[in-house]
Amino acid sequence: MYDVLVVGGGPAGMTAAIYLQRFKLNVIVIAKDHGALSTTTHIENYYGFEHPITGKELIESGIAQARRLGVTVIEDEEVLTINALETFDIKTNKAEYNAKSVLLATGMGRPNLRVKGFTALSGKGISFCGICDGFLYRNKKIGLLGAGEFMAEELEVLKNFTDDLIIFTNGETLKVSVSNLQVVTEPLIELLGTDYLTGVKTKNGEYPIDALFIAAGTPSASDFAVRMGAFVNPKSEIEVDASFSTNIPGLYAAGDCIGGLWQISKAVGDGANAALAINKYLKSKTS
Ligand SMILES: Cc1cc2nc3c(=O)[nH]c(=O)nc-3n(C[C@H](O)[C@H](O)[C@H](O)COP(=O)(O)OP(=O)(O)OC[C@H]3O[C@@H](n4cnc5c(N)ncnc54)[C@H](O)[C@@H]3O)c2cc1C
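Remember, predicted model here, so these are calculated numbers, not experimental data.

A. Summary view of the pattern of salt bridges. Enumeration according to the criterion identifies 13 salt bridges in this entry. Through salt bridges that share partners, E154, D223 and R227 make up one connected network.

So, in structure tokens, the structure goes:
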């Protein structure tokens, strides 16, 4: 069992991990890629570098620094689910982990679906959490948007509530098998309905549904938070207190995913402060 599992290998997650390691805690970082800095070629406002550096250089150097100090960093692995029980059970696309505490540092929240009707109907038949809202649509026709392993996880949840499911990949190639279900791969053009979602329109047809669950791409911090019952604001930012703690004991969040200034310096500061708070939390549990 790890003391802390950090989801995200960006400036917030890696800084936290370095501090946590130096507190002699058993810490692991899981990162699916280089995050917001993947494509950044010119950083010149972050302290300590005389000449501009690339995002790749900064992230790779941060990971190497953490590893040198003894942090376990797992790259190219995607966290799919986190269950908050007595401790935390974390499932990725490759393995399962158990930790006493979790720091969410997955960067900025999910992008909005750029489809007509999405904003107006969010919360009115459009949901981001099967385990939260699936029961509301038991035995109804449910649409599920996504094409990968996150969608497959959500599908397993929704199957508990109805057999009448239809998958929309919104133009993406389906990456998982979904036997015996209708799969629509055309891009979505419009989400239909005035007061409440009634259907989905694609280039070649209209599909009446009672609800659409969104599980596209990779789950973000807010997806994890919502499923665990942690507070998330309407901008999909995780709500934390002054100690970077969510309302779930042992669950912390830092960096872009909690909102505020979207900058490396702020993410680094969040990570350091969250690490101090997590250390205090874990020590209080053992004393
Ligand atoms: C194009 C661009 C240019 C920028 N330029 C600057 C700049 O010049 N100066 C500056 O200060 N800031 C800049 N920023 C902002 C800066 O990149 C962010 O504020 C900072 O990276 C936030 O750090 P973070 O650790 O919160 O998140 P990120 O750096 O986004 O890291 C998120 C981490 O979470 C991981 N992750 C996400 N979901 C999962 C999952 N389900 N499972 C596993 N891992 C997951 C990602 O792989 C990544 O490792 C720029 C941002 C962009 C997009």
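Picking up after the structure, the text goes on.
B. The arrangement of the pairing of strand β2 (residues 27-31) in detail. Where burial is concerned, most of β2 is hidden: five out of the five residues are buried. Burial of β2 is two-sided: the residues V27, V29 and A31 facing one way and the residues I28 and I30 facing the other way are all buried. Here strand β1 (residues 2-7) pairs with β2 via four bridges, running parallel. Each bridged residue has a counterpart across the sheet, and for V6 the counterpart in β2 is V29. In the classification by handedness, the crossover that spans β1, the intervening helix α1 (residues 11-22) and the parallel β2 is right-handed.

C. Examining the environment of I258 more closely. Along the polypeptide, I258 turns up in the loop between β15 (251-253) and α7 (264-286). Measuring from C-alpha to C-alpha, the distance between I258 and K235 comes to 9.7 Å, with 23 residues separating the pair along the chain. Sequence-distant contacts of I258, defined by excluding residues within four places in its chain, comprise E237, I238, V240, F244, A253, K266 and D270.

D. Quick peek at α1. Taking 1.5 Å of rise per residue, the twelve residues of α1 would be expected to cover 16 Å, and the 17 Å separating its terminal C-alpha atoms lies within 8% of that figure. Counting buried positions along α1 gives nine out of twelve residues, so the element sits mostly inside the fold. When we look at burial in α1, the residues that qualify are A12, G13, M14, T15, A16, A17, I18, L20 and Q21. On its buried face, α1 sits against β1, β2, α2 (55-68), β3 (72-75), β6 (96-104) and α7.

E. Looking closely at the side chain of E78. As for its placement among the helices and strands, E78 is situated in the loop between β3 and β4 (79-84). For the buried E78, no salt bridge exists, and the shortest N-O distance to an oppositely charged side chain is 6.2 Å, to K32. At a separation of 3.3 Å, a polar atom in the side chain of E78 contacts the side chain of T218. When sequence neighbours within four positions are dropped, the list of residues in contact with E78 reads K32, K91, T92, N93, G217, T218 and P219.

F. Spotlight on the nonpolar core. If you look at the biggest cluster of nonpolar residues, it comprises 56 residues, and the most contacted ones within it are L5, L20, I82, I90, V102 and L104. Take this core: its biggest share by element is eight residues, from α7. When near neighbours in sequence (up to four residues on either side) are disregarded, I90 contacts L5, V79, T81, I82, A95, E96, Y97, A99 and V102. Counting residues in hydrophobic clusters, the runner-up holds 18 residues, among them L121, F128, L145 and I209.

G. Expanded view of the sheet that holds strand β11 (residues 188-192). Taking strand neighbours across the sheet as the criterion, the three strands line up as β11-β12-β13 in an open arrangement whose pairing is antiparallel. Only two strands of the sheet have a single neighbouring strand rather than two, namely β11 and β13 (205-208). Averaged over all pairs of adjacent strands, the angle between their axes in this sheet comes to 20°, without regard to strand direction.

H. Expanded view of the site of the ligand. Around the ligand, 32 residues are found, and the nearest of them are G9, D33, N45, V79 and D256. Here an oxygen atom of the ligand sits 3.0 Å away from a polar atom, N or O, in the main chain of A12. For the ligand, an oxygen atom lies 3.1 Å from a polar atom in the backbone of Q263. Within the complex, 86% of the 1,000 Å² of free accessible area of the ligand lies under protein.

I. Spatial organisation of the sheet that holds strand β14 (residues 211-214). Ordered in space as β7-β14-β8-β9-β10, the five strands form an open sheet in which the pairing is parallel. A single partner strand is all that each edge strand has here, and the edge strands are β7 (126-127) and β10 (182-184). As paired strands, strand β8 (residues 142-145) and strand β9 (residues 165-168) are joined by four bridges and run parallel to one another. Residue pairing across strands places L144 opposite I167, the latter belonging to β9. The strands touched by helix α5 (residues 149-158) are β8, β9 and β14; relative to β8, the strand with the most contacts, the crossing angle is about 160°.

J. Geometry of the packing of α1 against α2. One can describe the packing of α1 onto α2 by two numbers: an axis separation of 10 Å at closest approach and a directional angle of 15°. As the angle between them shows, α1 and α2 are arranged roughly parallel. Remark: the crossing between α1 and α2 carries left-handed chirality. For the pair α1 and α2, contact is made by P11, M14 and I18 and by I59, G62, I63, Q65 and A66, respectively. Tallied by class, residues from the contact of α1 with α2 come to six nonpolar, two polar and no charged.

Conventions used here
- Residues numbered from 1 in each chain as written.
- Predicted model: local features only at pLDDT ≥ 70, side-chain atom pairs only at ≥ 80, totals over all residues.
- Heavy atoms only, no water.
- Salt bridge = Lys/Arg side-chain N within 4 Å of Asp/Glu carboxyl O.
- Buried < 20%, exposed > 50% of the residue type's maximum accessible area, 1.4 Å probe, protein only.
- Helix = DSSP H or I, 4+ residues; strand = E, 2+ residues; numbered from the N terminus.
- Pairing = 2+ DSSP bridges.
- Right-handed = clockwise from strand over helix to strand, strands pointing away.
- Contact = heavy atoms within 4.5 Å.
- Expected span 1.5 Å × (residues − 1).
- Lys, Arg positive; Asp, Glu negative; His and termini not counted.
- Polar contact = N/O pair within 3.5 Å; in protein donor to acceptor, adjacent residues only side chain to side chain.
- Core = buried A, V, L, I, M, F, W, Y, C linked by side-chain atoms within 4.5 Å.
- Axes fitted to C-alpha atoms, helices over the stretch in contact; angles between N-to-C directions.
- Near = heavy atom within 4 Å.
- Areas by Shrake-Rupley, 256 points an atom, 1.4 Å probe, with all protein chains shown as cover.
- Parallel < 35°, antiparallel > 145°, perpendicular 65-115°, else oblique.
- Left-handed = near helix turned anticlockwise from the far one by under 90°.
- Nonpolar A, V, L, I, M, F, W, Y, C, P; charged D, E, K, R; others polar.

Keep in mind that these numbers describe shape and distance, not what the molecule does.
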